[in-house]
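A closer look at the structure
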Amino acid sequence: MRVHVISDVHGRADALARAGDDADALVCLGDLILFVDYDDHAKGIFADLFGAANAAEFIGLRTAGRFDEARAMSARLWATLDGDPRDHIERNVHAQYEALFAAMPVPAYLTYGNVDLPRLWADHVRPGQRVLDGEVAEIGGLRFGFVGGGLKTPYRTPHEISDEEYAAKVEAVGAVDVLCCHIPPAVPELLYDVVARRFERGSEATLEAIRRTQPRYALFGHVHNPLRARTRIGRTECVNVGHFRAKGVPYVLEW
């Protein structure tokens, strides 16, 4: 059995169309849309609406931890557009989702990332694409558990949830062979991004579940340039499957 696993697609519909080549199934761990691109400031919804120069300034403020200034700048820009900002965002998100779900091969098993808008997925999911969150699916005789979303941060990305809600989803999944989450377990070397030079948030509930249930694998994404891409916790191989937008190739799981 061969399964390809990806995370942090961020608009790469071209690579997504090839992500299932030679695989029996595709697993996607979320973050499909691209709102801002920290590497190419001309890409993403923010740049499409306000231009690359404004995107670069906005990214610079966020990178420097000046979140109040970034929000104030963003508010000024949104005020220059007609109508509700949410309408502009959702129109652009729908356009990205339309292209991404059309490109995504089947069968595919998906969960949400922290920048996704889950309530919009139903308009775009195609037959053979199964969305799971706090749920389990059998793939090739193994139990795969899925936990989507991220935890609350100063970035206030769209799909951040409370620690309690996240832990409840981990508990609902229970003991599985492969635990699939968008964010890593709370292990410092898995959370530090060497390019952004900051720690991202990881899940203590996921870490505790790994220690207790010892799945074969714990797979995740979220941290684009991790200090360490993998580690072991007991018998569990913990793997950051990679920043798919940058690499364009999946992580391969075979058994």
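Let us now look at the pairing of strand 1 (residues 2–6). Most of strand 1 sits inside the fold, with 4 of its 5 residues counted as buried. As judged from the 4 bridges shared by strand 1 and strand 15 (residues 251–254), these two strands associate in the antiparallel manner. In the strand pairing of strand 15, V5 is matched with Y251. Sheet topology places strand 1 next to strand 2 (residues 25–28); 4 bridges connect them, and they run parallel. The residue bridging I6 from the neighbouring strand is C28, located in strand 2.

This next bit is on the sheet that holds strand 4 (residues 129–131). Spatially, the 5 strands line up as an open sheet ordered 4-3-2-1-15, and their pairing is mixed. The sheet is open, and its two borders are formed by strand 4 and strand 15, each paired with just one other strand. Strand-to-strand twist in this sheet, taken as the mean axis angle between neighbours without regard to direction, amounts to 20°.

In this section: the sheet that holds strand 6 (residues 142–147). Backbone-to-backbone hydrogen bonds pair the strands of a sheet. The strands run either parallel or antiparallel. Strands sit in the order 5-6-9-12-14-13 across an open sheet of 6 strands; the sheet is mixed. Edge positions in the open sheet fall to strand 5 (135–139) and strand 13 (230–233), since each of these has one partner strand only. Ignoring which end each strand starts from, the neighbouring axes of this sheet average 20° apart. In this structure, strand 13 lies alongside strand 14 (residues 236–240), joined through 4 bridges in antiparallel fashion.

In terms of nonpolar packing, the biggest core is built from 25 residues, with I6, L16, L32, Y97 and M104 touching the most fellow members. For this core, the secondary-structure elements that each account for two or more residues are helix 1 (13–16), strand 2, helix 5 (85–103), strand 3 (108–110) and helix 6 (118–121). What L16 contacts, discounting residues up to four positions off in sequence, is I6, L26, L100, A103, M104, P105 and F244.

Looking only at helix 7 (residues 163–173), the buried set comprises Y166, K169, V170 and V173. For helix 7, the buried positions fall inside an angular range of 100° around the axis, keeping them on one side. Across from the buried face of helix 7, at angles greater than 90 degrees, the exposed residues are E164, E171 and A172. Residues of helix 7 that are buried make contact with strand 5, strand 6, strand 7 (150–151), strand 8 (160–161), strand 9 (178–181) and helix 9 (204–213). Just past helix 7, the residue G174 takes up positive phi, approximately 70°.

Conventions used here
- Residues numbered from 1 in each chain as written.
- Predicted model: local features only at pLDDT ≥ 70, side-chain atom pairs only at ≥ 80, totals over all residues.
- Heavy atoms only, no water.
- Buried < 20%, exposed > 50% of the residue type's maximum accessible area, 1.4 Å probe, protein only.
- Helix = DSSP H or I, 4+ residues; strand = E, 2+ residues; numbered from the N terminus.
- Pairing = 2+ DSSP bridges.
- Axes fitted to C-alpha atoms, helices over the stretch in contact; angles between N-to-C directions.
- Core = buried A, V, L, I, M, F, W, Y, C linked by side-chain atoms within 4.5 Å.
- Contact = heavy atoms within 4.5 Å.
- Arc of directions from axis to C-beta.

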